[in-house]
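# What the coordinates show
This is what each chain is made of:
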Amino acid sequence: MAANFRILKHLNNDSLHLKLVGDFDGSAGYELANLLKKNWPGVERAFIHTAALRSVYPHGCRTFQNNLGLPKNELVGLFFTGDKAKALAPEGARIHGLRH
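Quick look at the structure, then. (Residues numbered from 1 in each chain as written. Predicted model: local features only at pLDDT ≥ 70, side-chain atom pairs only at ≥ 80, totals over all residues. Heavy atoms only, no water.)

### Describing helix H2 (residues 58–67)
- Those residues of H2 not exposed but buried are Gly-60, Cys-61, Thr-63 and Phe-64. One side of H2 holds all its buried residues, which, seen down the axis, span an arc of 165°. Among the exposed residues of H2, those oriented more than 90 degrees off its buried face are Pro-58 and Asn-66.
- Of the surrounding secondary structure, the elements contacted by the buried residues of H2 are strand S2 (15–24), helix H1 (26–39), strand S4 (53–56), strand S5 (78–81) and helix H3 (85–88).
- Positive backbone phi, at 70°, marks Gly-69, one or two positions downstream of H2. (Buried < 20%, exposed > 50% of the residue type's maximum accessible area, 1.4 Å probe, protein only. Helix = DSSP H or I, 4+ residues; strand = E, 2+ residues; numbered from the N terminus. Arc of directions from axis to C-beta. Contact = heavy atoms within 4.5 Å.)

### What to know about the pairing of strand S3 (residues 45–49)
- One ladder, built from five bridges, connects S2 with S3; its direction is parallel. Pairing of Ser-15 across the sheet is with Arg-45, part of S3.
- Read from S2 through H1 to S3, the crossover connection turns out right-handed.
- For S3 and S5, the ladder comprises four bridges, and the chain directions are parallel. Each bridged residue has a counterpart across the sheet, and for Ala-46 the counterpart in S5 is Leu-78. (Pairing = 2+ DSSP bridges. Right-handed = clockwise from strand over helix to strand, strands pointing away.)

### As for the nonpolar core
- In terms of nonpolar packing, the biggest core is built from 26 residues, with Leu-20, Phe-24, Leu-32, Leu-36, Leu-78 and Phe-80 touching the most fellow members.
- With sequence-adjacent residues up to four places away left out, Leu-20 is seen in contact with Phe-5, Arg-6, Ile-7, Leu-32, Ile-48, His-49, Thr-50, Ala-52, Leu-53 and Leu-88. (Core = buried A, V, L, I, M, F, W, Y, C linked by side-chain atoms within 4.5 Å.)

### Considering the pattern of salt bridges
- Taken as a whole and judged by the stated rule, the model has four salt bridges.
- One salt bridge connects Asp-23 with Arg-54, and the closest N-O pair in it is separated by 3.0 Å. With Asp-23 in strand S2 and Arg-54 in strand S4, this pair connects stretches of sequence that are 31 residues apart.
- On the accessibility criterion, Arg-54 (61% relative accessible area) is exposed.
- Here Asp-83 ties to Lys-84 by a salt bridge, and the two come within 3.7 Å at their closest N and O atoms.
- The class for Asp-83 is exposed, based on a relative accessible area of 61%. (Salt bridge = Lys/Arg side-chain N within 4 Å of Asp/Glu carboxyl O.)

### Focus on the side chain of Ser-55
- Following the sequence through the fold, Ser-55 ends up in strand S4.
- Only 2.6 Å separates the side chain of Ser-55 from the side chain of Asp-23, close enough to count as a polar contact. (Polar contact = N/O pair within 3.5 Å; in protein donor to acceptor, adjacent residues only side chain to side chain.)

Here's what the structure looks like:
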C-alpha cells in the first residue's frame, strides 16, 4: 500500500462518508473495497470523497472495482465526489457534483 494512503471514516445517521487521502494504488483499492463491504449493511448511502487524493493509479481503480462485490442494483447508493471521482466510480455508481 502507498505509505501515505489513509481512509477517514465518518458515519452520519444512515450515510457513510469515506475521505480518501494520499495515493490510490492496488492495495488502497483492496482496502477501500473491503471497508465498503464491511460497512455497507446498515447504511443507505456511502459517499467516497476523492478531493484529498494526490494520485490515482489505474491498477488501483481496477482492483477496487473488481473486488467491490456489491450487486449492481445497490450501486445507486454509492456516491463519489471530487476531481478523482470519475476514475474511481464503478459503472452504476453516482458521481456527485459533476458538471457536464
